[in-house]
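Fold and contact review
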Amino acid sequence: MKTSPRAVAEREITRRVDLCLPDGRLNPAAVGWSRTPLHRANIRGWGRTMRWDYWCVTSPGHVFAFSASSLDYLAGESAFFLDRRTGEQVSSRGLLVPARGVAFSERGGEGSVRIGAGPVRISVDETADGTRLRLKSAEIAADVLVRRVPGRESLSVVVPWGPRRFQYTVKDVGRPAEGTVRVGGLTYEFDPADALATLDLGRGRWPGDIRWNWGAAAGRPGGRDVALQIGGKWTDGTGSVENGLILDGRLHKISEELVWRYDTTDWRAPWRIEGERVDLEFVPEHVREADVRRAFYMRSQEAQAFGHYRGTVVADDGERVTVDGLYGWAEEVYRRW
């Protein structure tokens, strides 16, 4: 386990760039981070290519999330709904082998995403007003619009494990959302006054097994737009990290490997995330766990906790931003395929 934070030197990308060279290897000019999605995921090759879009919408009463993913020869789909007041949760899950009816855009914020077959049907479309999320399964039906906020920044990062193993990720945290989710005959409304949506977009060529931490949270304490994006483990040693603070729409990039401390025997115990600019405690409110094994070797093991962050994060100009009760999640995930 990492015991101390480590600063890294990262380059800001300011113009559009291809993720890959013509032969399919990572483009060295693509390595870095950006405030808006600038990379084209022109990935070539087969067998280790991973593409996904994960969306999570939170409100004071509910959480709705779904994932659309493709690993060349198969596609995965899942949805999740949580009633925060009662702790009741409903899930849908499916696997398509071979992958069919699947499409993923090459650029974040442009084009569409589709999983048009299987038990969970998913569509993500960019419109003039924002990003429209639609999902239908036996358990859950949703139609949500995630509003686009002009000038608001996000975090995009390229993580280089090597010339043929790399990941491009977009973390767009805390956009206003509105719409409906229907579960068990009941319809739940999401109001943009208090519902916030987060995107985790991934495009890359992955190693056979990996473990990661991810945390995100957003809110409007005192009328300010505050969003957190933090990660760990999977980026260690690559020279890239996915850590940042979005304050009133502007991204403050945090270029250091953070230290994550938590109890894997008790996911409900408080978590600690620390660095030179980050001092946070995360207190879980609800934990969802899964350990899915398929086709002898494949495995997906995850623990995702929803709850509240408190502590401080330092902005680029040295301002110490106090976080107190910001709702979001923290997770540990292990994948093998």
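Conventions we followed
- Residues numbered from 1 in each chain as written.
- Predicted model: local features only at pLDDT ≥ 70, side-chain atom pairs only at ≥ 80, totals over all residues.
- Heavy atoms only, no water.
- Pairing = 2+ DSSP bridges.
- Helix = DSSP H or I, 4+ residues; strand = E, 2+ residues; numbered from the N terminus.
- Salt bridge = Lys/Arg side-chain N within 4 Å of Asp/Glu carboxyl O.
- Buried < 20%, exposed > 50% of the residue type's maximum accessible area, 1.4 Å probe, protein only.
- Polar contact = N/O pair within 3.5 Å; in protein donor to acceptor, adjacent residues only side chain to side chain.
- Contact = heavy atoms within 4.5 Å.

Some details on the pairing of strand β21 (residues 250-253)
In the sheet, strand β20 (residues 244-247) pairs with β21 via 4 bridges, with the strands oriented antiparallel. By the bridge assignment for β21, I246 is matched with L251. Following β20, the chain reverses through 2 residues before pairing antiparallel with β21; D248 in that reversal takes a positive phi of roughly 50°.

Overview of the pattern of salt bridges
Pairing between side chains becomes possible if they bear opposite charge and their charged atoms approach one another. A complete count under the given rule lists 31 salt bridges for this structure. For R288, the salt bridge identified is with E302, shortest N-O distance 3.7 Å. Pair noted here: R288 is in strand β25 (residues 278-294) and E302 is in strand β26 (residues 298-314), with a separation of 14 residues, a long-range link. Here E302 falls in the buried class, since its relative accessible area comes to 16%.

Notes on the side chain of E281
In this structure, E281 sits in strand β25. Among the polar contacts listed, one links the side chain of E281 to the side chain of R310, at a separation of 2.5 Å. In contact with E281, not counting residues within four places along its chain, are P270, W271, R272, H308, Y309 and R310.

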